[in-house]
Structures are given as structure tokens and as C-alpha cells.
Protein chains: 2
Amino acid sequence: MEDQEIRNAGLKVTAPRVKILELLENSDERHVSAEDVYKMLLAANEDIGLATVYRVLTQFEEAGLVEKHHFEDGYSVFELNKGKHHDHIVCITCGRVEEFVDETIEQRQQKIADELGFQISEHDLVIYGKCMDDNCDRKG
Amino acid sequence: MEDQEIRNAGLKVTAPRVKILELLENSDERHVSAEDVYKMLLAANEDIGLATVYRVLTQFEEAGLVEKHHFEDGYSVFELNKGKHHDHIVCITCGRVEEFVDETIEQRQQKIADELGFQISEHDLVIYGKCMDDNCDRKG
DNA sequence: CCAATAGATGAGAAGCTTTTGCATTCACTC
DNA sequence: GAGTGAATGCAAAAGCTTCTCATCTATTGG
Ligand SMILES: [Mn+2]
Ligand SMILES: [Mn+2]
Ligand SMILES: [Zn+2]
Ligand SMILES: [Zn+2]
């Protein structure tokens with residue numbers, strides 16, 4: 001299970017790491033902040049410090065288990081790396097996050113980078129807008 | 001000159017605001033951080049506090065004189081609003097920033113938002129890569 | 001199974017960018 | 001020119017993230 005993924009990442013199999021990975025795998029929310037993770041751990045009566053949450057998430061990111069994004073809000077959000085690249089659209093009212101992939105956009109970016117003489121290492125595309133979810137206005 | 005732009009923004013014409021606006025208009029670097037602006041002011045022997053720089057840039061942004069971006073680095077960068085939307089490609093080695101516009105990408109984003117039921121308010125697309133500038137490796 | 005050790009952890013301090021509180025100063029109106 | 005609400009500088013504080021350090025633990029190999 002999680003143990004092997006952690007070991008493969010060159011990390012010791014410790015309770016915090018296992019719990020955090022489990023949590024990411026089972027959470028309803030794919031996109032969570034370090035604080036979110038910390039609070040979920042508290043709610044689950046796990047005695048894990050916030051510093052450890054940050055450390056572990058960073059290590060997971062370095063190991064490619066997790067991806068980190070900046071949805072302009074002043075903090076980072078993490079999600080399990082599911083192998084295939086995607087971009088995000090975020091509701092400015094309720095915070096809902098949807099994912100999408102658009103091959104045309106990907107190709108165009110490559111073209112632009114070529115023309116400007118850049119070798120792409122990564123990119124961030126986030127669309128912000130208001131969603132039509134039924135309880136959009138009711139959420140935080 | 002600048003005075004009128006400031007007045008039109010509903011702000012009093014004060015030395016800090018005029019200096020900052022001049023600086024943004026004359027700087028070689030289009031994309032500058034608050035700290036950059038502050039240092040430039042210091043270099044020009046202007047006695048303006050960093051808090052004021054932040055306040056003024058924020059007011060300029062609210063007035064539409066300036067745009068604020070987050071090139072993932074932990075701080076914000078500002079640029080004079082030149083009216084037409086564009087996206088950015090940033091060199092991860094030397095920090096050079098190039099601008100581009102791609103109608104196809106813009107349209108595709110609209111399509112995606114439509115399909116997912118979002119009304120776009122804005123978007124951020126930043127491509128990161130290594131540039132082929134002659135002194136790319138020599139810069140900070 | 002145990003001892004040795006490199007690595008991991010929690011708590012709090014510290015770091016960085018950005019914001020805020022407040023006393024003082026200033027721009028604009030009459 | 002006086003009056004007033006806005007603007008400023010400084011220092012303090014906030015908010016997120018990282019670091020320090022003393023303590024603890026997973027792993028290894030004897
Ligand atoms: Mn995602
Ligand atoms: Mn720009
Ligand atoms: Zn919504
Ligand atoms: Zn470069």
C-alpha cells in the first residue's frame with residue numbers, strides 16, 4: 001500500500017507520512033492546503049505538527065507523489081500526482097476547483113515558447129470565474 | 001502628465017504617487033516587485049516607505065492603472081496596464097519575462113469555461129522555461 | 001533481538017512578503 | 001490661509017512557510 005510508495009521515494013515509513021498519504025488518497029477534496037491537511041489530521045486525532053505536514057508535502061512533491069499549485073490566494077494547494085498533466089478552473093465564489101486538459105492550448109504554448117526561444121520546464125494556467133453550482137453562493 | 005491619471009483615479013496627487021507612476025513609466029523592467037520599486041526610489045533618493053509603495057501600487061491596481069501578477073516566487077510583480085491583455089513566459093534562470101498573446105488559447109479557455117459552466121472573470125497563464133538569451137546564465 | 005545511526009518529528013522561533021495602527025503631515029476646498 | 005479628510009512613514013503585526021534544535025524512531029546489520 002502506501003508504505004511502498006513512501007519507501008520508493010527514499011523516505012522512511014513513518015506514521016505522519018503514511019497518514020498524510022492516506023488522507024490525500026481518501027479525501028473528498030483533491031486540492032488541499034497544508035493547513036487543510038493539518039486540520040484533517042487533528043480531526044482524526046493524529047498528533048502531527050504543522051511543520052511536519054509542510055515537510056512531508058514538500059518531500060512528496062520532490063518525489064513526484066504530489067503536485068503543488070498556487071491559486072492566487074496567498075497559500076499553496078497540493079494534490080496527488082495522477083500522472084497526466086491538467087490545468088484548473090477555480091470558482092471565485094465557492095472555491096470549487098475543476099480540472100481540464102486541452103491539447104490545443106498545450107500545443108500553442110509549445111509553439112509560443114519555440115518562437116520566443118524558451119525551453120519549457122512547466123506552465124501554470126488557472127482560469128478564475130463564477131460557477132453555476134447549486135450551492136455556490138452558500139459555501140465559504 | 002501623471003498628475004491627471006492620478007486625479008482621475010480619485011486619488012490625491014502626492015509626491016509618492018507621482019514618483020511611483022513615473023518610475024513605472026520609465027523603468028527598463030516592465031515587471032517589477034514592490035521591493036524593486038522601493039529600491040529604485042531609494043536609489044533616486046526619494047524618502048518613501050515600503051508600506052506606501054504597497055499602498056500606492058494596490059490603489060493603482062484598483063484604479064486599473066496597474067496590473068499585478070504572481071510568478072511563483074513568493075512575491076507579486078506589477079506592471080503598467082497597457083490596455084490589452086497578454087500572458088507571460090518567464091525564464092527560470094535569468095528571470096527575463098516575455099509577453100505574448102494567443103487568440104487560440106483565449107478562445108479555448110472560453111470554450112472550456114462554457115462547457116464547465118463557469119463565467120470567466122480572469123485567468124493567469126505563465127509558462128516557465130529556460131531562455132536562450134546570451135547572458136542568461138550570467139544574470140541573477 | 002539489539003545497538004548504532006542516519007533520519008524524522010514536534011514545538012516554537014524565525015523568515016518573508018504584505019498589511020495595519022497610529023501619530024503626524026499634507027492636498028484640496030472654500 | 002484655515003479646516004478637514006486623506007495620505008504618509010514607521011513600527012508592529014499578520015499570514016504562510018521554513019528552520020532550529022532537542023528528542024525520538026525506522027532501518028540495518030551484527
Ligand atoms: Mn488538479
Ligand atoms: Mn506583462
Ligand atoms: Zn462556485
Ligand atoms: Zn534566461
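Residues numbered from 1 in each chain as written. Chains lettered and ligands numbered in written order. Predicted model: local features only at pLDDT ≥ 70, side-chain atom pairs only at ≥ 80, totals over all residues. Heavy atoms only, no water.

### Thoughts on the side chain of Gln109 of chain B
Here's step 1: By the secondary structure assignment, Gln109 of chain B is in helix α5 (residues 103–116).
Here's step 2: Other than its neighbours up to four places away in sequence, Gln109 of chain B contacts Ile105, Leu125 and Ile127 of chain A together with Ile120 and His123 of chain B. (Helix = DSSP H or I, 4+ residues; strand = E, 2+ residues; numbered from the N terminus. Contact = heavy atoms within 4.5 Å.)

### Points about helix α3 (residues 34–43) of chain A
Residue and element names in this part refer to chain A.
Here's step 1: Regarding α3, the residues found buried are Ala34, Val37 and Leu41. For α3, the buried positions fall inside an angular range of 65° around the axis, keeping them on one side. In α3, the exposed residues that point more than 90 degrees away from the buried face are Lys39 and Ala43.
Here's step 2: In this structure, the buried side of α3 is in contact with α2 (15–26), β1 (32–33), α4 (50–62) and β3 (77–80). (Buried < 20%, exposed > 50% of the residue type's maximum accessible area, 1.4 Å probe, protein only. Arc of directions from axis to C-beta.)

### What about the UniProt feature "binding site: Zn(2+)" (unreviewed entry) in chain A?
Here's step 1: UniProt records the feature "binding site: Zn(2+)" (unreviewed entry) at Cys91, Cys94, Cys131 and Cys136 of chain A, using the numbering of this structure. For this annotated set, covering 46 residues, all C-alpha atoms fall within 8.4 Å of each other, a compact arrangement in space.
Here's step 2: Owing to a relative accessible area of 12%, Cys94 of chain A belongs among the buried residues under this scheme.
Here's step 3: If you trace the backbone, Cys131 of chain A turns up in strand β6 (residues 118–131).
Here's step 4: Here Cys131 of chain A is in contact with Cys91, Cys94, Arg96 and Cys136 of chain A together with Gly117 and Phe118 of chain B, once residues within four sequence places are set aside. (UniProt positions renumbered as here; feature names shortened; annotations may be inferred.)

### Observations concerning the interface of chain A and chain B
The figure often quoted for interface size is the accessible area lost as the parts come together.
Here's step 1: Each side of the interface is counted separately: chain A has 33 residues, and chain B has 33 residues.
Here's step 2: Taking both sides of the interface into account, the surface hidden between chain A and chain B amounts to around 3,000 Å²; carbon and sulfur atoms contribute 65%.
Here's step 3: Among the ionic pairs, Arg108 of chain B bridges to Asp102 of chain A, the shortest N-O distance being 2.7 Å.
Here's step 4: The interface formed by chain A and chain B contains 12 residue pairs in polar contact (both at pLDDT 80 or more). (Buried area = accessible area lost by both parts, 1.4 Å probe. Salt bridge = Lys/Arg side-chain N within 4 Å of Asp/Glu carboxyl O. Polar contact = N/O pair within 3.5 Å; in protein donor to acceptor, adjacent residues only side chain to side chain.)

### Things to note about the relation of the copies chain A and chain B
Here's step 1: At an RMSD of 0.0 Å, chain A and chain B line up after a rotation of 180° and a shift of 0.0 Å along the axis. Considering both components of the superposition, the chain copies are consistent with a two-fold axis. Minimal C-alpha separation from the rotation axis in chain A is found for Leu125 of chain A, amounting to 2.2 Å. (Least-squares fit on C-alpha atoms with pLDDT ≥ 70 in both.)

### Focus on the coordination of the zinc ion (ligand 3)
All names here are of chain A.
Here's step 1: Within the protein, the zinc ion (ligand 3) binds to Cys91 (SG), Cys94 (SG), Cys131 (SG) and Cys136 (SG); these donor distances fall in the range 2.2 to 2.4 Å.
Here's step 2: Relative to the metal, the 4 donor atoms surrounding the zinc ion (ligand 3) lie at angles of 105 to 114°, and the coordination shape comes out tetrahedral.
Here's step 3: Mapped onto the sequence, the residues coordinating the zinc ion (ligand 3) show the spacing C-x2-C-x36-C-x4-C. Here the residue Cys94 occupies a position in the loop between β4 (87–91) and β5 (97–100), and Cys131 occupies one in strand β6, the gap between them amounting to 37 residues.
Here's step 4: Residue Cys131 is classed as buried on the basis of its relative accessible area of 1%. (Donors = N, O, S within 2.8 Å, 3.2 Å for Na, K, Ca; no water. Tetrahedral: all angles 85-135°; square planar, octahedral: opposite > 155°, others 65-115°.)

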